[in-house]
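# Structural overview for review
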Amino acid sequence: MGGHPSAVPEAPVPVADARSVTAPRRGHSQRGGWGFLLPAVIVLFALTIFPFIFTVVLSLSNVDLTAGLQVQPGTLANWQQLIGDAQFWGSLGMTCLFVALAVVSEYILGFGLALLLWRDLRGGAFFRVIFLIPMMLAPVAIAFMARMFYDESYGPLDATLRQLGLPGVHWLSASPLALISIIIVDIWEWTPFMILLLLAGLQALPNECLEAAQLDGASGWTIIRYIIVPMLAPISVMAVLLRMIEAFKIFGPILILTGGGPGTSTESSSLYAYFTGLNNFNLSYGSSLAIGLLIVVTIVAIIYLAISRRLVQKVLGP
């Protein structure tokens with residue numbers, strides 16, 4: 001009989017195990033990933049990890065510079081000297097005072113200016129660019145400009161005072177005013193950093209909460225106090241932390257403006273470590289001072305984060 005031939009079932013094609021297929025590819029991708037990551041690891045080690053390890057080794061050693069850089073066997077004499085060094089603790093106290101006054105002032109000013117820029121004001125984009133200019137300039141250039149501005153003989157401040165019949169002011173040579181002058185320069189330079197972060201936080205706030213508060217009859221100050229400030233708490237904590245860590249390392253402006261004077265009234269811990277290690281060529285003790293400052297900053301940051309975390313949880317809830 002004529003008819004279509006019966007269909008013959010095809011033999012199943014063997015399929016490779018998924019593990020055997022993906023395993024080589026996964027290993028190949030991992031090797032490729034390390035190839036891209038290795039240059040960054042090398043740069044990080046060369047610029048960060050190795051200098052840190054070398055600084056720790058120097059702090060536990062006695063360095064002899066008479067015949068080149070020779071590290072002698074380890075000792076704890078440098079750390080014993082640091083514990084009893086009144087000048088180090090004095091510079092640390094001055095640094096903590098500077099950090100507290102500067103960072104608090106920068107946060108308050110930055111928050112107020114961020115609120116103003118947050119509103120739809122005419123020319124708001126122009127003022128945003130203007131306010132960010134100080135942060136874009138080099139700190140050394142800002143310090144030199146401030147030094148000319150504060151100059152007691154030719155500076156515009158004292159010249160204006162003399163034109164008004166008032167005596168000149170010793171901005172950088174009098175003990176209380178020298179620190180205040182440095183703080184003013186730091187506020188002018190780093191308040192834009194606070195504005196940038198807080199303005200980004202304000203722009204990310206949900207409009208529903210603000211509109212609901214306005215419908216309930218809440219005033220502007222009430223909305224700021226009970227809605228905006230609590231909702232900005234996480235980014236405020238991070239902004240203050242970043243600025244505080246950076247402020248502890250202040251070096252260039254103080255070196256250029258006052259050199260740590262008058263006396264040692266404006267000498268920061270980093271400046272004291274610089275004078276000790278590079279000016280006096282006591283690299284071992286200078287390294288101990290640098291590591292000591294790092295330990296203090298780390299402890300302060302940990303305490304600050306612990307306190308801030310509790311406050312944020314209390315404000316926003318668990």
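Provided above is the structure to which this section pertains.
Here is what the cut-offs are and how they apply
- Residues numbered from 1 in each chain as written.
- Predicted model: local features only at pLDDT ≥ 70, side-chain atom pairs only at ≥ 80, totals over all residues.
- Heavy atoms only, no water.
- Buried < 20%, exposed > 50% of the residue type's maximum accessible area, 1.4 Å probe, protein only.
- Helix = DSSP H or I, 4+ residues; strand = E, 2+ residues; numbered from the N terminus.
- Contact = heavy atoms within 4.5 Å.
- Core = buried A, V, L, I, M, F, W, Y, C linked by side-chain atoms within 4.5 Å.
- Phe/Tyr/Trp six-rings, centres within 6.5 Å; stacked < 30°, edge-to-face > 60°.

In terms of residue burial, helix 12 (residues 269–279) counts as a mostly covered element, since 8 of its 11 residues are buried. The set of residues buried in helix 12 consists of Ser269, Ser270, Leu271, Tyr272, Ala273, Phe275, Thr276 and Gly277. For helix 12, the secondary structure elements touched by its buried residues are helix 3 (86–118), helix 11 (252–257) and helix 13 (283–316).

Right, let's talk about the environment of Pro192 for a bit. If you trace the backbone, Pro192 turns up in helix 7 (residues 175–203). Each C-alpha atom of the pair Pro192 and Leu132 lies 5.2 Å from the other, and the pair is 60 residues apart in sequence. In this structure, Pro192 is in contact with Phe131, Leu132, Pro134 and Met135, ignoring residues within four places of it in sequence.

Ranked by size, the top nonpolar core spans 45 residues in total, and within it Phe98, Val99 and Leu289 carry the most contacts. Among the elements of the structure, helix 2 (77–83), helix 3, helix 5 (139–150), helix 7, helix 10 (233–248), helix 11, helix 12 and helix 13 are those that each provide at least two residues to this core. In terms of residue count, helix 13 provides more of this core than any other element does, 9 residues in total. Once residues lying within four places of it in the same chain are set aside, the contact partners of Phe98 are Leu179, Ile182, Ile183, Asp186, Ala247 and Ile250. Ranked by size, the runner-up nonpolar core spans 15 residues in total, among them Ala114, Ile195, Ile227 and Leu232.

Two aromatic rings are characterised by how far apart their centres lie and by the angle between their planes. Per the stated rule, a full pass over the model turns up 9 aromatic pairs. Centre to centre, the rings of Tyr107 and Phe111 are 6.2 Å apart; their planes meet at 15°, and the pair counts as stacked. Of this pair, Tyr107 and Phe111 both sit in helix 3, separated by 4 residues, roughly a single helical turn. Given the relative accessible area of 21%, Tyr107 is considered partly exposed. Centre to centre, the rings of Tyr274 and Phe275 are 5.7 Å apart; their planes meet at 50°, and the pair counts as tilted. Pairwise contacts between aromatic rings join Phe45, Phe50 and Phe54 into one cluster.

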